[in-house]
Amino acid sequence: MTTLLTAAEQKKPNLWRRARHSFAVARHEPANLIGLVLAIFFAYLILAPVLSILVDSFIVQSGDEARTHQDEGSFTFYYIVRTLYSRISEILIWQPLYNTLAIAASTVVFSMSIGVVLAWLVNRTNMAGRAWFATALIVPFMLPTWTFALAWTTIFKNRTVGGQPGWLESLGITTSNSVAYGYFPIVFILVLHYTPLVILIVGNALRRLDSQMEDSARVLGAPSRTIAFSIVLPLIRPALMSAALLIFADCIGEFAVPYILGLPVRYDTLATGLYRALDTRQNGVAAVIAAVIMIIGVITLLIDVRMMKEARRFVTVGGKGNMDRLRKLGRMRLPASGFAGAFVLIGVVLPLLTLFLSTIMILPGRFTLDNFTLDYWIGSNLDTVALRNGILLTPEFWQAAWNTIVIVGSSSMISGVLGLLVGYAVLRCSFKGVGSFLRQITFLPYLVPGIAFAAAFLSLFAVARGPIPALYGTPLILIIALVAEKMPFASRSGIAAMTQLGKEPEEAARIAGANWFSRMGKIIIPIQAGPLATGILLPFISGIKGVSLFIILAIPSTDVLTTYSLRLLDYNYDQAANAVVLMIALIAWLGTVLIQKISGTGLAQGLEN
Amino acid sequence: MPAITLTNLTKCYDGNTEPSVDQVSLTVEDGEFMCLLGPSGCGKTTILRMIAGIEHSTSGEIAVDDLVVDSVHQSCFIPPEQRRIGFVFQNYALWPHMTVERNVDFGLRLQKVPAQERKERCLDVMSKLRILEYADRYPSQLSGGQQQRVALARMLAVNPGVLLLDEPLSNLDATLRLEMRAELRRLHQTFGTTIIFVSHDQWEAMTLANTIAVMNKGQLQQIGTPDEIYAEPSNRFVAEFIGNPKINLIKLKESNDKFINLASHILARQPESKFADVCAIRPEEIILTNTANINTLPMVIENIMPTGGSWVIELSFAEDRLFHSTQSRPKWREGDQVNAYLPTPSLHFFDHDEKRLVLSESHLDYSNLLPSSALPNKQNANQIHTNQSYAKQA
Ligand SMILES: Nc1ncnc2c1ncn2[C@@H]1O[C@H](COP(=O)(O)OP(=O)(O)OP(=O)(O)O)[C@@H](O)[C@H]1O
Ligand SMILES: [Mg+2]
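So, how was this worked out
Residues numbered from 1 in each chain as written. Chains lettered and ligands numbered in written order. Predicted model: local features only at pLDDT ≥ 70, side-chain atom pairs only at ≥ 80, totals over all residues. Heavy atoms only, no water. Helix = DSSP H or I, 4+ residues; strand = E, 2+ residues; numbered from the N terminus. Rg over C-alpha atoms; globule rule 2.2 N^0.38 Å. Buried < 20%, exposed > 50% of the residue type's maximum accessible area, 1.4 Å probe, protein only. Contact = heavy atoms within 4.5 Å. Areas by Shrake-Rupley, 256 points an atom, 1.4 Å probe, with all protein chains shown as cover. Lys, Arg positive; Asp, Glu negative; His and termini not counted. Charge placed at Lys NZ, Arg CZ, Asp CG, Glu CD. Near = heavy atom within 4 Å. Polar contact = N/O pair within 3.5 Å; in protein donor to acceptor, adjacent residues only side chain to side chain. Nonpolar A, V, L, I, M, F, W, Y, C, P; charged D, E, K, R; others polar. Buried area = accessible area lost by both parts, 1.4 Å probe. Salt bridge = Lys/Arg side-chain N within 4 Å of Asp/Glu carboxyl O. Domains from an automatic or database assignment. Pairing = 2+ DSSP bridges. Axes fitted to C-alpha atoms, helices over the stretch in contact; angles between N-to-C directions.

> Run through the overall build of chain A, naming residues and quoting values.
Scanning chain A from terminus to terminus reveals 30 helices and zero strands. A compact globule built from 609 residues would reach a C-alpha radius of gyration of about 25 Å, and chain A, at 27 Å, matches this within 12%. The principal-axis extents of the C-alpha atoms in chain A amount to approximately 100 × 75 × 50 Å. Split into buried and exposed, the 609 residues of chain A put 54% on the buried side. Sequence-distant contacts, at least 24 apart, represent 73% of the contacts inside chain A between residues at least 6 apart. Summed over all atoms, the accessible surface of chain A reaches about 27,600 Å², with 66% contributed by carbon and sulfur. Of the side-chain charges in chain A, 46 are positive and 31 negative, and the distance between the mean point of each set is 12 Å.

Quick look at the structure:
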């Protein structure tokens, strides 16, 4: 044994020996290898595109040599100057920036005001049909935003753009541009879409609020108004803040709604401006716009982190939530339900009904029996130029559906498994640095709205670089981009699941003599089957609704349902486009039901993550 | 053959300044039933985890069956899956997605034991632990005690050379705890496995273990049989930690370099190198009498607490409070004046560093120094002596 060593050496072995011992220990901990591999993988998948787009904004792009009087690839401030300080920067960035901020801020204000009232009604009052509303009010959040946009155009479209007229137009009512397009409908739709999120988040906080705190104030003689403003409101403020910031960040990146409702009247937001820049091959300008979007994302996140830190100091929300006492509404009971009912009517029934009716009407807005047909679904040999069969009989539709399943499905699967591995590596890795690097880098895509991320991917993977061939035009680039985009959610739920599991089941298996593969295959993955299924399905649902990544990275042969329907829209096949959208909504709804069946935890928790 | 040898084992977790386990050296013989005893946070679990290989050491060495499994100096680390050591976790860590039977035969499957033999060994262990009837249930459908037996069965099925148990009884209620204690002892006898178990319950340690290792703040305080630990605590911490009611400690203020004095009584001769600082006596070793003599100390009965079949008497002596425990019903009332005799052989002395002072016969036998009149009256002393040897035997 080691009796020859001096006492001092026994007590503190030298650095070299300790390092060799650590290596001997680490050699038997596969999490280290996994952590390192994942770190390199994500550095390339996430960090590289983001950096490359930042670099692109300072590098002369191909085709711009003459304008910049510089060689391709040399350093330049041309794009910054052109985007921010030139004669056209008003169109390129300032007006879109103003529009984006106006949309985001208005959406936050209105959806918060409506959402808080509805959350209170559903969770704290005896309004009629409370249980039913708790589910029905959430539905608009499960529908893709542009479902509403399409429903809106179906009704309000006017002569500004060509194609089939809107219903009102054909009924002889002329809609003004400001109602049909631009700021008003965009905000209206986003409010419809995000109010349920407020109901979810604030509702959860309200339910967890310890009613004894209200009771204590009541005992001290405080009137309801005082209780609401000085007890309840401060306590749910963290939830309000996080809902507001979440909505704000999402609105900044929103692409589909302004694309449908803004473009016809040249009402640009940053996201559509970025798309326009890419579309017209102004890659340098696009890079600058993407960088601006990212900066807004980073600022939002910093505010979020800061507020969360402050909130944690006093957050004691939590307690006997089951004690909640319902407030008697009295005479207001039915009007309250009427308010909630109106929201469901406008947010769910009208859009879906409109879309459905539009798919079975030959001429929009003419409600006569001979105008109804199922041809757009299952007809054949129609007298249209290209789309001669109903959508369900068109091979391209099934191709797009198949692409959707393959591309979104495999990327959700990959990101779910990667998320679990990230959780595993973060918790088990012997090197702290690797763990926190993984944690942060997988969260980075959250700061970068999809459209900017897609642009970044395009700039990195469009051409062959080193061993990696040009990926543009292949399904692979879509899968990789989707995986990267879903990583914030996947890694967070992976880390949460692994934290909850703890180390012991695996340690017990090690002691029983299991090697790493048996531990993974027989212990970890089976135990985590539920979270893993949710971790795959949730990204799948949000993936099939997604537009921004696809519209930049997909080409006709890799069309998914969303891009296919937008392409149909471009060719004025409105009925078919709406039918495709309805199919997407159907898949999203089925997937959500499936999640609830599997996890039993319900949608609220999944969405809040 | 020693089953496990720890040599100067030290563990300092990343980010901690103080080591959680500090220079611990001990040997566990084959077939031994050892208990690691110590207050919460003293590093017991950490030692077990290092022996099992779930945690690695910062310095020092662990050898299992004379094979070094973890040593910084030899840059050697054998992972837990290759150590053949059983570990029963404090909260069992059963695999929730497997039935009881699958939990138990998991290890055997990994060892590629043929199905027939596997079935037999599984049944054998499960029936020995009386969980056969729950074979098809999932862990969440079992009570705490049943879960614990599954956790034990899971480890016993693969018949490990060494079994580590981390506070195996702490989650159980009193009756079940007693039952499981008997069960553990029976297991040790039937399987003959070397067992190291962790506890902070001294009663459990005393009744179960052949050897007890007392720990405090990461350091090994004393290692010995339950009797040795109780009778000859090697320092003040061990003396205080073991025994209920707690040992009585009296600060010695009047001692000089010749004699150890207490309230102007000479207790013993002062040893040459170190001075006694504190004197201690177990509550049951104090003898109370009505008659005063030169060897007794006057005390007042403050409180008499019956503890079911025995009594604990709180005494006040100057500003000190002492406890006396007895099996016979006390014949005094609260407030009575009594005389306490502290028999010299039952006294423990600790020096300034709280270490035990080992006094030889000649130090204790100071009677030749005193005038004969100072000795206790002969008859009385005799009686006291018999009392005392009786107490010792008990
Ligand atoms: N993973 C860890 N990281 C840092 N410190 C730790 C870790 N695990 C334990 N410690 C510290 O090491 C010391 C010993 O912990 P250990 O779990 O071994 O105590 P214990 O004797 O088993 O206590 P208990 O009886 O409460 O189970 C404690 O002070 C604890 O805070
Ligand atoms: Mg412990």
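> Which residues make up the overall build of chain B, and what values go with them?
The helix and strand tally for chain B stands at ten helices and 21 strands. With respect to the three principal axes, the spread of C-alpha positions in chain B is 85 × 50 × 35 Å. The 394 residues of chain B split such that 55% are buried. For chain B, contacts bridging at least 24 residues in sequence account for 65% of all contacts bridging at least 6. When the accessible area of chain B is evaluated, it comes to approximately 18,000 Å², of which 48% is carbon and sulfur surface. Charge centroids of chain B, computed over 37 positive and 47 negative side chains, lie 4 Å from each other.

> Explain the site of ligand 1 to me, and be specific about the residues and the numbers.
Residue and element names in this part refer to chain B. Near ligand 1 you find Tyr13, Asn16, Ser20, Ser40, Gly41, Cys42, Gly43, Lys44, Thr45, Thr46, Glu167 and His200, and these make up its full shell. With respect to ligand 1, the side chain of Ser40 contributes an N or O atom lying 2.5 Å from an oxygen atom. In the model, an oxygen atom of ligand 1 is placed 2.8 Å from a nitrogen or oxygen of the Lys44 side chain. With the chains in place, 61% of the 630 Å² that ligand 1 exposes on its own is no longer accessible. Of the residues that constitute the shell around ligand 1, the class distribution is two nonpolar, eight polar and two charged.

> Which residues make up the interface of chain B and chain A, and what values do they have?
Contacts between the two partners involve 40 residues from chain B, matched on the other side by 31 residues from chain A. Note on chain B versus chain A: buried area summed over both sides is about 3,200 Å², and carbon and sulfur give 64% of it. The interface formed by chain B and chain A holds three salt bridges in total. Across the pair Glu507 of chain A and Arg49 of chain B runs a salt bridge whose closest N-O atoms are separated by 2.9 Å. In this assembly, chain B and chain A are joined by ten residue pairs in polar contact (both at pLDDT 80 or more). Taken together, the residues of the side of chain B that touches chain A sort by class into 18 nonpolar, 15 polar and seven charged.

> Describe the domain arrangement of chain B, listing the residues and the values that go with them.
Residue and element names in this part refer to chain B. Taken domain by domain, chain B holds domain 1 (4–241) and domain 2 (248–357). Here the C-alpha centroids of domain 1 and domain 2 sit 39 Å apart. Counting residues at the interface gives ten residues for domain 1, matched by nine residues for domain 2. Both faces combined, the contact of domain 1 with domain 2 buries some 880 Å², and carbon together with sulfur accounts for 53% of it. Contact with domain 2 buries area across many residues of domain 1, yet Tyr230, Pro233 and Arg236 alone supply 58% of it, more than any other trio. Put simply, domain 1 and domain 2 have one salt bridge between them. The tally of links from domain 1 across to domain 2 stands at six residue pairs in polar contact (both at pLDDT 80 or more).

> For the environment of Asn171 of chain B, give the residues involved together with the corresponding values.
Residue and element names in this part refer to chain B. Assignment of secondary structure puts Asn171 in the loop between strand E8 (162–166) and helix H5 (174–191). Residues Asn171 and Gln148, 23 residues apart in the sequence, show an inter-C-alpha distance of 9.0 Å. Residues contacting Asn171, with those up to four places away along its chain left out, are Gln90, Asn91 and Tyr92.

> Help me get a handle on the sheet that holds strand E17 (residues 296–306) of chain B, residues and values and all.
Residues and elements named next belong to chain B. Across the sheet, five strands lie side by side as E16-E20-E17-E18-E19; this open sheet has antiparallel pairing. Looking along the sheet, the strands with just one partner apiece sit at the ends: strand E16 (287–289) and strand E19 (320–326). Strand-to-strand, the axes of this sheet are offset by a mean angle of 45°, without reference to chain direction. Across seven bridges, strand E18 (residues 311–317) lies against E19 in antiparallel orientation. Within E19, the residue paired with Val312 across the bridge is Ser325.

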